[in-house]
Amino acid sequence: MFSQPPYLLFSFFPLPDSNEAKAAHRNSLGPLQSQFITKNNTRVISQRGGLAVLPCSVTMTTPATVSWFRRKDYQLLTVGLSTYSSDDRFLVEHTRHLGNWALRIKNARKEDEGLYECQISTHPPQSIFIELRIVEAVAEILEAPDLHIDEGSTLRLECKLKRATESPLYVFWYHEDRMVNYDQEDGVSVSNNKLTSSILTVRNATARHGGNYTCAPANARQSSVYVHVLKVQSTLSKLALA
């Protein structure tokens, strides 16, 4: 299993103000000073099937309630700690001493993309807008689609994860239809490098180690490679004829 990456799980960075967001934010502030710590128009990138966390940190100078809305259909999602959506994937994460009222979306889907509004029930109400983008994490075996090695040499396959925003729960390797992560008796070993890659190694490869290998991480599109194990005699004969 991959360990936790040394950086934030989700990517937050300001994006250019949309006209709708700018106008709504300006109107919502009125003459009051903003009580938001989180920047308006922050963008959050999460992977499909993972956990999306939309930040909203506030400094409460007077008692008020924090609510979340989905802008594309103006659906009320949460009020305070209560969830008003019938979709149980939505939940508020509240950390009182930090003023955090983050919106958590479990098992994020492509259709969850878009603008979300975090609103404080001041008079008049104040709001900021958070944009959510969903990407699909994919696996890529560097040696794909075909790898030729000599019999008796070391087979090494490296599977890299692209566009992943969180560590997968697992990365399974398959030889044909058989999962081989723990197949030590056949000389197979698998090592994982945090969020970025998984490496399968077979020492002293023989003909039985040839065939299709698949890297299948959780919440990511899998990748395959076909390994050809060549007999040394065949290789020497080809060199002699060259």
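Keep in mind the model is a prediction, meaning the values are calculated, not measured.

Chemist: With reference to specific residues and values, describe the overall build of the chain.
Modeler: Each helix and strand counted, the chain has two helices and 19 strands in total. A total of 242 residues make up the chain; the buried ones form 44% of that total.

Chemist: Go over the sheet that holds strand E18 (residues 211-217), please, and point to the residues and values.
Modeler: Across the sheet, which stays open at both edges, the five strands sit in the order E12-E19-E18-E14-E15 with mixed pairing between neighbours. Lying at the two open borders of the sheet, with one neighbouring strand each, are strand E12 (146-150) and strand E15 (178-179). Note: strand E14 (residues 171-175) against E15, two bridges, orientation antiparallel. Bridging across to E15, Tyr174 finds its partner in Met179.

Chemist: Requested: an account of the pairing of strand E8 (residues 100-105), with residues and values cited.
Modeler: Most of E8 is tucked away, with five of its six residues classed as buried. With three bridges connecting them, strand E3 (residues 52-54) and E8 associate as antiparallel partners. Bridge pairing links Ala52 to Ile105 in E8. Bridge analysis of strand E7 (residues 90-95) against E8 gives six bridges, and the strand direction is antiparallel. Looking across to E8, one finds that Val92 is bridged to Leu103.

Chemist: So what's going on with the pattern of salt bridges? Which residues, and what values?
Modeler: Enumeration over the complete set of coordinates arrives at 14 salt bridges. The salt bridge involving Glu136 is made with Arg221; its shortest N-O contact spans 3.3 Å. Separated by 85 residues along the polypeptide, Glu136 in the loop between strand E10 (126-135) and strand E11 (138-141) and Arg221 in the loop between E18 and strand E19 (223-230) bring together distant segments of the chain. Arg221 sits in the partly exposed class, given a relative accessible area of 46%.

Chemist: Lay out the state of the cysteines with the relevant residues and their values.
Modeler: For the structure on display, the rule yields two disulfides. What pairs with Cys56 in a disulfide is Cys118, and their sulfur atoms sit 2.0 Å apart. Here Cys56 and Cys118 share a disulfide; its torsion about the S-S bond, -80 degrees, makes the bridge left-handed. Of this pair, Cys56 sits in the loop between E3 and strand E4 (66-70) while Cys118 sits in strand E9 (residues 114-120), and the two are 62 residues apart along the sequence. Each member of the pair, Cys56 as well as Cys118, carries the same accessibility label: buried. Sequence-ordered numbering of the bonded cysteines in the chain gives a pairing of 1-2, 3-4.

Chemist: Could you give an account of the sheet that holds E8, naming the residues involved and the relevant values?
Modeler: If you walk across this open sheet you meet the three strands as E3-E8-E7, and the pairing is antiparallel. Looking at which strands have only one partner, the edges of the open sheet turn out to be E3 and E7. Averaged over neighbouring strand pairs, the angle between their axes works out to 30 degrees when direction is ignored.

Chemist: I'd like a rundown of the packing of aromatic side chains, residues and numbers included.
Modeler: If you walk through the whole model with that rule in mind, you get one aromatic pair. Relative to Phe172, the ring of Tyr170 lies with its centre 4.4 Å away and its plane at 20 degrees, an arrangement referred to as stacked. For Tyr170, a relative accessible area of 36% translates into the label partly exposed.

Each value, and the rule that gives it
- Residues numbered from 1 in each chain as written.
- Predicted model: local features only at pLDDT ≥ 70, side-chain atom pairs only at ≥ 80, totals over all residues.
- Heavy atoms only, no water.
- Helix = DSSP H or I, 4+ residues; strand = E, 2+ residues; numbered from the N terminus.
- Buried < 20%, exposed > 50% of the residue type's maximum accessible area, 1.4 Å probe, protein only.
- Pairing = 2+ DSSP bridges.
- Salt bridge = Lys/Arg side-chain N within 4 Å of Asp/Glu carboxyl O.
- Disulfide = S-S within 2.5 Å.
- Axes fitted to C-alpha atoms, helices over the stretch in contact; angles between N-to-C directions.
- Phe/Tyr/Trp six-rings, centres within 6.5 Å; stacked < 30°, edge-to-face > 60°.

Such coordinate-based values are descriptive only and should not be taken to indicate function.
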